[in-house]
Amino acid sequence: MLKNISNLGDAALYCDFGNEVNKEVNSLVIRYFKTLKLKKIDGINNLTPSYNKLIISYDLKRTNYKNIKKIIENITIDQKENLSSNKIEIPVCCDETLSLDIKRLEKKLNLNRDKIFDNFFAKEYFCYMTGFIAGMPFLGDLDDKMRAKRLETPRVKVPKGSVGLTEQFANIYTFESPGGWNIIGNSPLRIFNSKKEKKPNLINPGDTVVFKKINIDQYNEYNE
Amino acid sequence: MSKNYFKIIRAGINTTFQDLGRENLYHIGIPFSGAMDNRNYLLSNKLVKNDLNSPVIEFAYQGPLLKYHGDKINIAITGNVKFRLKKNHKVFEGNCYETYLLEDEDEIDLLSTNKSVYGYLAIGAEIDLEFQWKSCSINTKAKIGSNDGKKIVNGQEIQIKKISKDFSKKKLNYLNSKIEKIRVIKGTNYDYFSDKGKKIFFEKEFIVSKLSDRMGMRLEGPKIENIVDTNIKSEGILKGVIQIPADGNPIIMLSDHGTIGGYPKIAVVISADYDKLVQLMPGSKIKFQEVELSSAETLFKLYDLETQNLISQI
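Keep in mind that this is a model prediction, so the values were computed, not measured. (Residues numbered from 1 in each chain as written. Chains lettered and ligands numbered in written order. Predicted model: local features only at pLDDT ≥ 70, side-chain atom pairs only at ≥ 80, totals over all residues. Heavy atoms only, no water.)

Our focus in this paragraph is a positive patch on the surface. Together, A:Lys160, A:Arg190, A:Lys195, A:Lys196, A:Lys199, B:Lys143 and B:Lys150 give the surface a local cluster of positive charge. Residue position: A:Lys196 is located in the loop between strand 12 (182-186) and strand 13 (208-214). (Patch = residues over 30% accessible without salt bridge, like charges linked within 9 Å, V, L, I, M, F, W, Y side chains within 5 Å. Areas by Shrake-Rupley, 256 points an atom, 1.4 Å probe, with all protein chains shown as cover. Salt bridge = Lys/Arg side-chain N within 4 Å of Asp/Glu carboxyl O. Lys, Arg positive; Asp, Glu negative; His and termini not counted. Charge placed at Lys NZ, Arg CZ, Asp CG, Glu CD. Helix = DSSP H or I, 4+ residues; strand = E, 2+ residues; numbered from the N terminus.)

All names here are of chain B. The domain architecture assigned to chain B consists of domain 1 (5-163) and domain 2 (182-312). The centre of domain 1, based on its C-alpha atoms, is set 27 Å off from the matching centre of domain 2. Taken together, the contact between domain 1 and domain 2 spans 27 residues of the former and 24 residues of the latter. Together, the buried faces of domain 1 and domain 2 total about 2200 Å²; carbon and sulfur atoms form 56% of this surface. When the area that domain 1 buries against domain 2 is broken down by residue, the three leading residues are Tyr26, Met36 and Arg39, summing to 33%. Counting every contact that joins domain 1 to domain 2 gives 2 salt bridges. The closest approach of N and O atoms between Arg214 and Glu58, which form a salt bridge, is 2.7 Å. There are 13 residue pairs in polar contact (both at pLDDT 80 or more) connecting domain 1 and domain 2. Tallying contributions element by element places helix 1 (residues 38-47) first for the side of domain 1 that touches domain 2, with 6 residues. Residues of the side of domain 1 that touches domain 2, tallied by class, amount to 12 nonpolar, 9 polar and 6 charged. (Domains from an automatic or database assignment. Contact = heavy atoms within 4.5 Å. Buried area = accessible area lost by both parts, 1.4 Å probe. Polar contact = N/O pair within 3.5 Å; in protein donor to acceptor, adjacent residues only side chain to side chain. Nonpolar A, V, L, I, M, F, W, Y, C, P; charged D, E, K, R; others polar.)

Every contact between the two is made by 38 residues of chain B and, on the other side, 43 residues of chain A. Approximately 3500 Å² of surface area, both sides summed, lies buried where chain B meets chain A, with 59% of it carried by carbon and sulfur atoms. Taken together, chain B and chain A are joined by 1 salt bridge. Note that A:Lys61 is salt-bridged to B:Asp304, the shortest N-O span being 4.0 Å. On the surface where chain B and chain A come into contact, there are 13 residue pairs in polar contact (both at pLDDT 80 or more). Those elements that place two or more of their residues in the side of chain B that touches chain A are strand 16 (235-236), strand 20 (265-269) and helix 4 (293-313) of chain B. Residue contributions to the side of chain B that touches chain A peak at 5 residues, all from helix 4 of chain B. A per-class count over the side of chain B that touches chain A returns 19 nonpolar, 11 polar and 8 charged.

In structure tokens, the structure reads:
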């Protein structure tokens, strides 16, 4: 349920769907996002869906908080129609040279690496949102026993393709960036392509992701 | 047909092509980008009779040194920029908000953005650039925009596609005013901070740190105490949002910011003050002042009206 609408500064609406992070709440956020995107409401110039919030940015030259709030309060959201989603397989190599934080994860989770990999590759993940850096997917949920905090000191450079874990989520660094997630492996697949303007992201909110373990030879052979 | 181009002899510190930026891409992780100081960007284009959303060269601190080759062409520089022109072996200082007609072999040396950060060089022509999502704006972090998403470098050439034929001399009397206080609206996590923290935020001075760029501005000063949680569940952020991470030092999101953030938002800079905010150099002092949403909307109308007035004076 959309619990509250407030303003974030003078050019955005902050739509709050509560504090819970789960598929149901997030699916409703995505429904609002998709409906608004299709409607192309005059003055709205950006939508940022996240786990349980939706931020609606608008052009203060063309509209204001009151106008947009009224539109959002009176909008009908189709709750029944199935959300279109894809199932995507992402190859990940967990060779020692790419699984940068495996030793740290073994200690933090008190599990050996085989158990960590088995658990990681056995699950199906749900894409809650994309962003922070272009195309980065936030995937969940990891099992309780797989949940680790961020690195105490974030890396200045996380290599492109790195697959990271933090708390209940996994992500993929679409390009080299600073970051503090625990790196379990690396994917040779291109997750973000700015040359494909219509569909730059391989993974989008609502999609299902499965990771497939590949060895270092397969990783090196991967031609993207 | 002759070839018209600028040769970059010295690229400067952070020289990029910018326009109004891109919309409707936050959901895939791409921010607006675009010129940092919107008013000075628009004025530079108007002076050389370009469409107001045309690509310009944005530079920070020390700008580029360019040598022109080709048929005569009009240029204008805006901001608070100290620059020299070299025409027929004669060197003289130029004025901002004034057009200059360049001829073959002339040079522009953009020495410094005096006591400010960003300056703009508009060229009365169509520049040969690539666009992504309808914008040339370079976002070096995501490697998006013209020039393969990279800063302009020494030795490169900027090719001119088509020179505007109106070379009329234009001049505007305008002085960039300094800002005393940055006005803000309380953020969605305002209550995460202690009474003492809130008081510090609105009463004490902060210093702009050297770790500031097109993505964000870091501030130093008294620490702002969080009494709830130093993290929130990651959610969307916008330019102007002031986040307070665990160390208690504010970070203000600027035009190339990450689209999602996980630190509490204490406040948001009002739209009317954004152009002035981005021009504050490292070492500058900042004080925040709270305003209500309705005042922020009125202040933006005034800001926009003033910008439109300046444009119509050219």
